[in-house]
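Residue-level listing of the chains:
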Amino acid sequence: MRIGELGRRAGVSTRALRHYEELGLLPARRRANGYRDYDERDLRVVAEIRSLVDLGFALEETRPFVECLRAGHATGASCPDSRAVQRRKVAEVDEWLARLQAVRVQLAAQLGEPPDPRCAITPDAT
């Protein structure tokens, strides 16, 4: 399939596909007429890249997953290098969660009891 069809099927722009190619994540075969040529394996690779990016992975972090797929494994996460990247990402997310929890504790503490009004309005005691 040509780059436009791959982009439509994968839900990404042709510009993104060219960027993946520049990074070496998506090698393109060329037809005799110079057009890029992709197949179903490439569609799977692009889907894996997009899925990982949606989870917060940087493009470079997707490389071990892509290499794992290209090596013929059933999933991009089934190779040791991919698992190592996943473990680092889990640790990173745990750090984010700890920081967010600390911020939440501070905000909740600031809410505390409402302050006493400076000037209380009382009903007329007549």
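Since the structure is predicted, the reported quantities are computational estimates derived from the model, not experimental observations.

Structural notes on the pattern of salt bridges
Part 1 of the reasoning: Under the criterion given, the structure shown has 13 salt bridges.
Part 2 of the reasoning: Salt-bridge contacts for Glu5 lead to Arg9; the nearest nitrogen and oxygen are separated by 3.8 Å. One end of the pair is Glu5 and the other is Arg9, both in helix 1 (residues 3-10) and 4 residues apart, which spans about a single turn.
Part 3 of the reasoning: The exposure class of Glu5 is partly exposed, given its relative accessible area of 34%.
Part 4 of the reasoning: Two residues, Arg29 and Asp39, come together in a salt bridge whose shortest N-O distance is 3.5 Å. In this pair, Arg29 is assigned in strand 1 (residues 29-30) and Asp39 in the loop between strand 2 (36-37) and helix 3 (40-54), connecting sequence segments 10 residues apart.
Part 5 of the reasoning: Using a relative accessible area of 34% as the deciding quantity, one classes Arg29 as partly exposed.
Part 6 of the reasoning: Among the residues examined, Asp39 registers a relative accessible area of 22% and is labelled partly exposed.
Part 7 of the reasoning: When salt bridges that share partners are traced, they join Arg29, Asp39, Arg41, Asp42 and Arg70 into one network.

Conventions used here
Residues numbered from 1 in each chain as written. Predicted model: local features only at pLDDT ≥ 70, side-chain atom pairs only at ≥ 80, totals over all residues. Heavy atoms only, no water. Salt bridge = Lys/Arg side-chain N within 4 Å of Asp/Glu carboxyl O. Helix = DSSP H or I, 4+ residues; strand = E, 2+ residues; numbered from the N terminus. Buried < 20%, exposed > 50% of the residue type's maximum accessible area, 1.4 Å probe, protein only.

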